[in-house]
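Residue-level structure breakdown
What follows is each chain in one-letter form.
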Amino acid sequence: MTKIRTFKNFIDGQWVACRSGQTFENRNPANQDDLVGLFQNSSAEDVNDAVEAASRAYQKWRLYPAPKRAELLYRAGQILIERKEEFAHDMTREMGKVLKESRGDVQEAIDMTFFIAGEGRRMYGHTAPSELPNKFAMSVRIPLGVCGLITPWNFPMAIPSWKMIPALICGNTVVIKPAEDTPLSLVNFCQVLEEAGIPPGVVNLVSGSGNDAGAPLVRHPKTAMISFTGSTAVGRTVAATCAPQNKPHHLEMGGKNIIMVLDDANIDLAVEGAVWGGFGTTGQRCTAASRVAVHKKIYKEFVNRFVRHAKRLRVGEGLNEKIDLGPIINASQLESVSRYVQIGKREGAKLALGGDVLRKGIYKKGFFHEPTIFIDADPRMRIALEEIFGPVVTVLPVNSLEEAIEVGNSVEYGLASSIYTQNVDQAFVAMREMYTGIFYVNASTIGAEVHLPFGGTKATGNGHREAGHTALDVFSEWKSIYIDFSGKLQKAQIDQVEVY
Ligand code: NAD
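Here is what the cut-offs are and how they apply
Residues numbered from 1 in each chain as written. Predicted model: local features only at pLDDT ≥ 70, side-chain atom pairs only at ≥ 80, totals over all residues. Heavy atoms only, no water. Near = heavy atom within 4 Å. Polar contact = N/O pair within 3.5 Å; in protein donor to acceptor, adjacent residues only side chain to side chain. Areas by Shrake-Rupley, 256 points an atom, 1.4 Å probe, with all protein chains shown as cover. Axes fitted to C-alpha atoms, helices over the stretch in contact; angles between N-to-C directions. Helix = DSSP H or I, 4+ residues; strand = E, 2+ residues; numbered from the N terminus. Parallel < 35°, antiparallel > 145°, perpendicular 65-115°, else oblique. Left-handed = near helix turned anticlockwise from the far one by under 90°. Contact = heavy atoms within 4.5 Å. Nonpolar A, V, L, I, M, F, W, Y, C, P; charged D, E, K, R; others polar. Buried < 20%, exposed > 50% of the residue type's maximum accessible area, 1.4 Å probe, protein only. Pairing = 2+ DSSP bridges. Right-handed = clockwise from strand over helix to strand, strands pointing away. Domains from an automatic or database assignment. Buried area = accessible area lost by both parts, 1.4 Å probe. Salt bridge = Lys/Arg side-chain N within 4 Å of Asp/Glu carboxyl O.

Moving on to the site of the ligand. Surrounding the ligand, one finds 28 residues, the nearest of these being T151, E180, S231, M253 and E387. Interatomic distance of 2.8 Å between a backbone N/O atom of T151 and an oxygen atom of the ligand. For the ligand, an oxygen atom lies 3.0 Å from a polar atom in the side chain of W153. Look at the ligand: alone it shows 850 Å² of surface, and the protein chains cover 88% of it.

Between helix 2 (residues 66-82) and helix 4 (residues 99-117), the shortest axis-to-axis distance is 9 Å and the interhelical angle comes to 160°. In this view, helix 2 runs roughly antiparallel relative to helix 4, as classed from their interaxial angle. In the packing of helix 2 onto helix 4, the handedness of the crossing is left-handed. Residues A70, L73, Y74, G77, Q78, L80 and I81 of helix 2 lie in contact with helix 4, whose contacting residues are V106, A109, I110, T113, F114 and A117. Class assignment of the residues belonging to the contact of helix 2 with helix 4 gives a composition of ten nonpolar, three polar and no charged.

Of all five residues that make up strand 9 (residues 173-177), five are buried, and the element is covered over most of its length. The alternating pattern of strand 9 places T173, V175 and K177 and V174 and I176 on opposite faces, both of which are buried. Bridge count between strand 8 (residues 146-150) and strand 9: five bridges; the pairing is parallel. Looking at strand 9, one finds that I150 is bridged to K177. Running through helix 5 (residues 158-169), the crossover from strand 8 to the neighbouring parallel element strand 9 is right-handed. Looking at chain direction, strand 9 and strand 10 (residues 203-205) are connected through three bridges and run parallel. Bridge assignment links V174 to a residue of strand 10, and that residue is V203.

For the protein chain, the assigned domains read domain 1 (9-253 + 461-480) and domain 2 (258-441). Just the C-alpha atoms count here: the centres of domain 1 and domain 2 sit 31 Å apart. Between domain 1 and domain 2, the residue contacts involve 25 residues of the former and 26 residues of the latter. A buried area of about 2,100 Å², summed over both sides, lies between domain 1 and domain 2, and 58% of it is on carbon and sulfur atoms. It is A30, E101 and W153 that lose the most area in domain 1 upon contact with domain 2, and together they represent 24% of the buried surface on that side. Between the two partners, domain 1 and domain 2, sit four salt bridges. Between R103 and E321 there is a salt bridge, with its nearest N and O atoms 2.9 Å apart. There are nine residue pairs in polar contact (both at pLDDT 80 or more) connecting domain 1 and domain 2. Elements with a minimum of two residues in the side of domain 1 that touches domain 2: strand 5 (31-40), helix 3 (84-95), helix 4 and helix 8 (232-242). Residues belonging to the side of domain 1 that touches domain 2 are distributed by class as follows: eight nonpolar, nine polar and eight charged.

Okay, here's the thing in structure tokens:
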């Protein structure tokens with residue numbers, strides 16, 4: 001019998017059980033017999049302990065010089081590199097994505113850590129001339145305090161890194177709650193930060209459900225801001241809780257992304273992009289290309305090749321290096337995907353591939369679904385408008401670039417979009433007209449790099465961008481400072497400064 005591992009919360013530099021002593025199970029979505037471990041089922045009291053610890057730690061951490069904070073982060077980045085393979089295995093076991101992608105997820109955390117650690121010696125402010133003599137003006141970034149961070153399960157290490165690392169470099173302390181399905185990757189990350197020497201209380205992890213641990217973190221009076229990535233429905237409740245407290249909140253939410261394939265496109269390249277965008281991470285990416293709009297002139301050709309290519313994808317356990325598509329994260333998500341397939345059929349879209357839950361043989365202990373393609377769909381169908389978050393792609397025939405753009409922008413979300421064309425004029429028109437936070441030319445809708453802003457418009461976001469040069473904007477505020485060395489009272493806008 002293998003020993004069951006129990007993982008604890010990380011509060012004030014200690015690994016501790018939650019006050020109720022209750023735990024929840026984390027099982028492998030590819031094989032429900034495989035118990036990854038037991039995790040703390042925390043409640044408001046545990047969240048309060050973590051926030052109080054973070055609040056105390058903030059008084060010292062904010063004054064510790066940013067280049068010194070960076071040194072600890074560089075050390076953490078180095079440890080992540082050394083343990084990348086082990087962490088990728090853990091991630092595939094708890095989340096299901098194929099090992100290659102889990103390695104990419106850890107790599108993203110490494111990239112983010114090194115990129116942001118560099119800010120320790122930059123974090124530039126501005127100086128500006130004053131309108132009055134003998135007066136100096138500048139603006140500097142200041143930290144916010146305790147940042148409450150809430151993350152989803154689809155990028156179990158990358159997304160926490162987008163939040164924790166920029167928050168820390170700015171001088172904030174953090175309390176983070178991982179998704180129920182993937183707490184181990186965050187335990188691994190916090191162990192790395194501990195080993196790197198981050199002082200007690202600066203980083204705190206509280207695992208548990210959205211209602212019992214997430215909601216108390218959002219409403220806690222001592223969390224100075226909330227950064228949330230997850231569904232639009234939950235994001236809206238976060239916003240509603242924060243608003244009466246005037247608590248800044250940063251939201252990254254759902255997506256319904258589109259690839260537009262024009263009649264002059266390199267079809268093979270577009271097919272590869274659509275397969276990767278639609279079925280990578282089993283379609284469970286906020287940037288997944290769940291819609292493909294194809295010009296009617298090449299529609300048949302594209303659909304044939306797309307279906308042929310997707311048919312070859314191998315579904316199975318992500319730890320097997322020969323597998324292309326891992327499982328769906330959990331039973332309820334599998335059910336939701338399956339429900340959307342039935343909706344698509346009822347709406348009259350033509351099922352060109354897949355459509356079924358896989359239940360037999362190697363699939364019987366996990367949550368697997370066939371790669372599924374609907375064709376000849378109408379853009380007003382629910383499968384073309386709503387986020388499915390699974391291996392289901394809807395192909396839409398269009399007559400022109402203008403129609404593709406109209407269809408592309410017709411959804412409530414605005415995260416990523418892409419165009420395949422050889423015509424630079426058309427590419428530029430689409431680049432300008434698509435109202436999404438991310439746009440690609442001759443590439444799929446997935447492939448964001450950490451040093452560019454990440455986020456979306458409309459129901460995907462609330463005006464912020466994380467990562468990139470904008471990362472610090474989420475986790476700091478500006479302070480404008482005026483230093484008058486004239487020795488007298490000077491009144492801006494009122495005093496006349498004589499021409500000499
Ligand atoms: P989710 O909204 O169900 O959960 C996200 C997190 O919020 C989890 O940690 C959950 O426990 C917590 N939570 C749930 N209810 C809460 C509440 N009332 N108060 C506070 N916290 C609560 O989302 P999910 O299923 O984990 O993730 C999938 C969703 O995330 C998809 O919609 C996807 O598009 C989105 N996502 C967006 C991005 C992006 O950057 N835009 C990135 C990845 C995932």
